[in-house]
Amino acid sequence: MEASGEETTNSAIAAVDGGSAEEATTSTTTTSRNTTGMRGSRGELPRIKFLTRCDAGVEMHFVAPSVSKDESFGCIRGVLDQFSEDGSLLAVLSAENVKIYNTETDELVATLPDHDLLAMTFSPQNSFLLTQRRIRPEAPFAAGDGNICIWDIQSGERLAVFFQRNPPWPFIRWSSDELLSARMVSTEVQFFVGKTWDNSVKAIRAPGLTNFAFAPGPSPPTVAVFVPEKKGQPGAIRIFKYPKVGEPITQRSVFRASEAEFFWNSTGTAVLAHTRTDVDRSGKSYYGEARLQFLSTDPSIEGSLAIDNEGSVHDMRWSPDGSRCVVIHGYMPAQATLFDHKGKKLADFGKSARNIVKWSPCGRMVVMAGFGNLNGAFDVWDVRKLRRVGTGVAKYSATIDWSPDSQYLLTAVLSPKIRIDNCFAVWKYDGTPVHTESVHNLYQAQFRPSPPRVYPLFPIKVSDQLKGGPSPAGGPASPAAKPAIYTPPSRRGLAALSQPEVSEDSKPRKYNSGGGGGGGGGGGGGGNGGGGRGGRSPQQPVGYSESKAAKRNAQRRQKKKQGDVADGSTSTDQEERETNSPPPPQQPTPQQQAPQQQAQRGGRGGGRGGKGGRGGRGGSPASSPSAPNKNVHHTSNNNSNSNNSSSNNSNNSSEHQPSPAPLVATGSPSPLGSPSSGDVDPSKKVKALQKKLRQITQLKEKQTQGEVLDGPQLAKVHSEAEVVAEINKWSSTNRTASGAHGQ
């Protein structure tokens, strides 16, 4: 029987390497699961179960129609347990052996003579169980024995054994159909066929690699490997398509990355690589630095996730169908963002104190929770409509899990992190509490997994609590009103200033196909709104008057801003924009300034949208017959954005002080495209361009030596011709200016 099985597996691998599709199909059929299906004999849906493990042992519980123990399963003494991927098997470790149970019938499937384990895991098709023993110096292993074992579940036979100190887990990894398995050594990833792990059939050679992962999906499998940076050389993430293990289909250089964890989507077409390093060179974080890389198996897709590089990447999860992913990133309160399988941003869920995200098995909802050092609050979102449908607070909880039918949530306060008040709680998806039970020294609480698309869909409804109705019976009491903050008598007239506004970043928003568009800008007093998100002017209380010091500071900032514009910026890009810009408008008369200021106060609020939409307009000066020219030139987009808040403050105080005179051009403007020696020093410009040309030369030398360049470096190399043309243009300008000065 074993020989025929090996022949079938080998024929399947031959089909993967170029054989017939019929052979591969036959082999996949012979390596089917060794357990009964999740559905009963009459096709009824399996009951929802969840597992708890405490000092008493491992127990199973039913959820519906009410939370109750599974008496047929009983309480099994165990210190470690593990579900199979489809939830049909459960392995429980006792002091003497490992017992494997069928979770639907509660029958004992196999007993394996292994003990004192650190970890165990099932293969994807439930054919093998991989275990890792503790290494004890006082009890060394005998000759031919080791700490890593592979067991055949059907026969109970130990197929292979290895000895490895500090092995990566899992030590042996299988493809989804179990036709191939692989393990990682110091310089390569070795591939094996069938039930033998003595001689590898192929290998991916990458000196220094620290991690690899199979992509889900049928054969031939896709494999991602990671090589960390070393001695100033950048790290690398490479994706290979078996059996072509000598040439990656895509790769990317990564910096500040000493380790990485891979997250493949369910279709095996895209992967998220969470890279980390122990040291944060900026000194902002004690816990090191983390980044998120996006790679696709399609070489034509070269995208990166538009996330904030400041702060940590707390959690990321792919949807069950592999088409979308949610990433929680940034400093607290963290931002949650939805992306598609090509790395394109679809929506923002806003900022909140959340560090955990999990998709419902149906793929239509996500739960975002703030556990650990946060307050235990969680929110449930309908991803299709981008609305919050449920919320709750599970204080001190460490885990949250979805039921297979997507209708329940399970939270738990676990030991040894918290040794008192250990309990588990069952919630409806909308945050309605269903059941809470205290358990002494609770170590684990988890729903039994299920294969996809077993349970039917159901309509998603918003909870009564979010609709503004009464809290559900038995739900957590509404928090008591916080005591008012003491305000000294001298500040009580300014109470309106201390009232916080709802941040725009805390609101969910979608993005269209062109990029991140914003909400409409507010128009008032005859002003026009719409387009991008507009800045808000603070609302001043009645009777408020600006102090003399505030007026002087506003005037000083305005003069400094005008002086910077008049003297010219030190940035090379800004100098070119100023040189090629049209002349500023003429200074308006006092009769023209009055309606212009009135329109600005009434309709300020237009911002800039993303690629998909333009920014909204504030109060339209054209609505007045004496309005000045509206084609006002801004010297720099960066300056106009960075000074937005200060300009708003100065506009709000314009009723109490005269507005500063606009900048008037001195001298004739330079012709379009020709640099002006009065604005920019040609010699300095030539030196800057020559420095850039030297950098391009160095990059080309690295490229000839075989070093892989990233996107910005390649763009700089391709701009060599433009840099040379700029040098020639500015050199001729410098000679012309020197000749005129000599005359």
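Residues numbered from 1 in each chain as written. Predicted model: local features only at pLDDT ≥ 70, side-chain atom pairs only at ≥ 80, totals over all residues. Heavy atoms only, no water.

Student: Please explain the overall build of the protein as it appears in this structure.
Tutor: From N to C terminus, the protein includes eleven helices and 37 strands. Carbon and sulfur atoms make up 50% of the accessible area of the protein, which totals about 40,300 Å². (Helix = DSSP H or I, 4+ residues; strand = E, 2+ residues; numbered from the N terminus. Areas by Shrake-Rupley, 256 points an atom, 1.4 Å probe, with all protein chains shown as cover.)

Student: Whenever I open this one, a positive patch on the surface confuses me. Can you help?
Tutor: On the surface, Lys548, Arg552, Arg556, Arg557 and Lys559 cluster together to form a positively charged patch. With respect to the helices and strands, the residue Lys548 is situated in helix α4 (residues 548–567). (Patch = residues over 30% accessible without salt bridge, like charges linked within 9 Å, V, L, I, M, F, W, Y side chains within 5 Å. Salt bridge = Lys/Arg side-chain N within 4 Å of Asp/Glu carboxyl O. Lys, Arg positive; Asp, Glu negative; His and termini not counted. Charge placed at Lys NZ, Arg CZ, Asp CG, Glu CD.)

Student: Got a minute to help me understand the sheet that holds strand β23 (residues 289–296) in this structure?
Tutor: What links the strands of a sheet is backbone hydrogen bonding, and the strands pair in either a parallel or an antiparallel sense. Spatially, the three strands line up as an open sheet ordered β21-β22-β23, and their pairing is antiparallel. Only two strands of the sheet have a single neighbouring strand rather than two, namely β21 (259–264) and β23. Each adjacent strand pair in this sheet contributes to an overall mean axis angle of 20 degrees, direction not counted. Bridging between strand β22 (residues 270–277) and β23 involves eight bridges; their strand directions are antiparallel. Bridge pairing in β23 links Thr277 to Glu289. (Pairing = 2+ DSSP bridges. Axes fitted to C-alpha atoms, helices over the stretch in contact; angles between N-to-C directions.)

Student: For this particular structure, what's the right way to read the side chain of Thr250?
Tutor: For Thr250, the location among the structural elements is in strand β20 (residues 250–254). Each residue touching Thr250, except ones within four places of it in the same chain, is listed here: Ile237, Arg238, Ile239 and Ser296. (Contact = heavy atoms within 4.5 Å.)

Student: How do you make sense of the packing of helix α9 (residues 682–704) against helix α10 (residues 711–718) when you look at a structure like this?
Tutor: Packed helices, taken two at a time, are described by their axes: the angle between them and the distance between them. α10 packs onto α9 with a crossing angle of 115 degrees between their chain directions and a minimal axis gap of 9 Å. The way α9 lies across α10 gives a crossing that is left-handed. Together, Gln695, Ile696, Leu699, Lys700 and Gln703 of α9 and Gln713, Leu714, Lys716 and Val717 of α10 make up the contact between the two elements. Partitioned by chemical class, the residues of the contact of α9 with α10 number four nonpolar, three polar and two charged. (Left-handed = near helix turned anticlockwise from the far one by under 90°. Nonpolar A, V, L, I, M, F, W, Y, C, P; charged D, E, K, R; others polar.)

Student: I would appreciate a short explanation of the packing of aromatic side chains in the present structure.
Tutor: Aromatic rings considered in pairs are described by the distance between their centres and by the relative angle of their planes. In this structure the tally under the stated criterion is 13 aromatic pairs. Plain terms: the ring middles of Phe50 and Phe424 are 5.3 Å apart, the flat faces sit at 65 degrees to each other, and that makes the pair edge-to-face. Separated by 374 residues along the polypeptide, Phe50 in strand β1 (residues 49–53) and Phe424 in strand β34 (residues 423–428) bring together distant segments of the chain. Lying over the aromatic face of Phe212, Arg173 brings its terminal NZ or CZ to 4.6 Å of the ring centre. Over the face of the ring belonging to Tyr408 we find Lys428, whose NZ or CZ atom lies 5.0 Å from the ring centre. (Phe/Tyr/Trp six-rings, centres within 6.5 Å; stacked < 30°, edge-to-face > 60°. Lys NZ or Arg CZ within 6 Å of the ring centre and 35° of its normal.)

Student: Just checking my understanding: could you explain the pairing of strand β7 (residues 98–102) for this structure?
Tutor: Residues in a regular strand project their side chains so that they alternate between the two faces of the sheet. In terms of burial, β7 is largely enclosed, as four of its five residues are buried. With five bridges connecting them, strand β6 (residues 89–93) and β7 associate as antiparallel partners. The residue of β7 that forms the bridge with Leu93 is Val98. Hairpin connection from β6 to β7: four residues lie between these consecutive antiparallel strands. Pairing analysis gives four bridges linking β7 to strand β8 (residues 108–112), with the strands arranged antiparallel. Across the sheet, the residue bridging to Ile100 is Ala110, located in β8. (Buried < 20%, exposed > 50% of the residue type's maximum accessible area, 1.4 Å probe, protein only.)

Student: Looking at this structure, I do not really get the sheet that holds strand β28 (residues 356–359). What am I missing?
Tutor: Sheet architecture is open: four strands sit in the order β28-β29-β30-β31, paired in antiparallel fashion. Here the strands that pair on one side only, and so sit at the sheet edges, are β28 and β31 (387–393). Sheet twist, expressed as the mean angle between neighbouring strand axes with direction ignored, is 20 degrees. Sheet topology places strand β30 (residues 377–382) next to β31; six bridges connect them, and they run antiparallel. Across the sheet, the residue bridging to Trp381 is Arg388, located in β31.

Student: I tried to follow the pattern of salt bridges on my own but got confused; where do I start?
Tutor: A full pass over the atoms with the stated rule returns 23 salt bridges. With a shortest N-O distance of 2.8 Å, Asp114 and Arg133 are connected by a salt bridge. On the criterion of sequence distance, the pair formed by Asp114 in the loop between β8 and β9 (117–122) and Arg133 in strand β10 (residues 128–133) is long-range, its members being 19 residues apart. Look at Asp114 and you get buried, because its relative accessible area is 0%. Of the charged contacts, one joins Asp145 and Arg133 as a salt bridge, the two residues approaching to 3.4 Å between their closest N and O atoms. You can see Asp145 sitting in the loop between β10 and β11 (148–152) and its partner Arg133 sitting in strand β10, a full twelve residues away along the chain. Looking at Asp145, the relative accessible area reads 25%, which means it is partly exposed. Members of the salt-bridge network, linked through shared partners, are Asp114, Arg133, Asp145 and Arg158.

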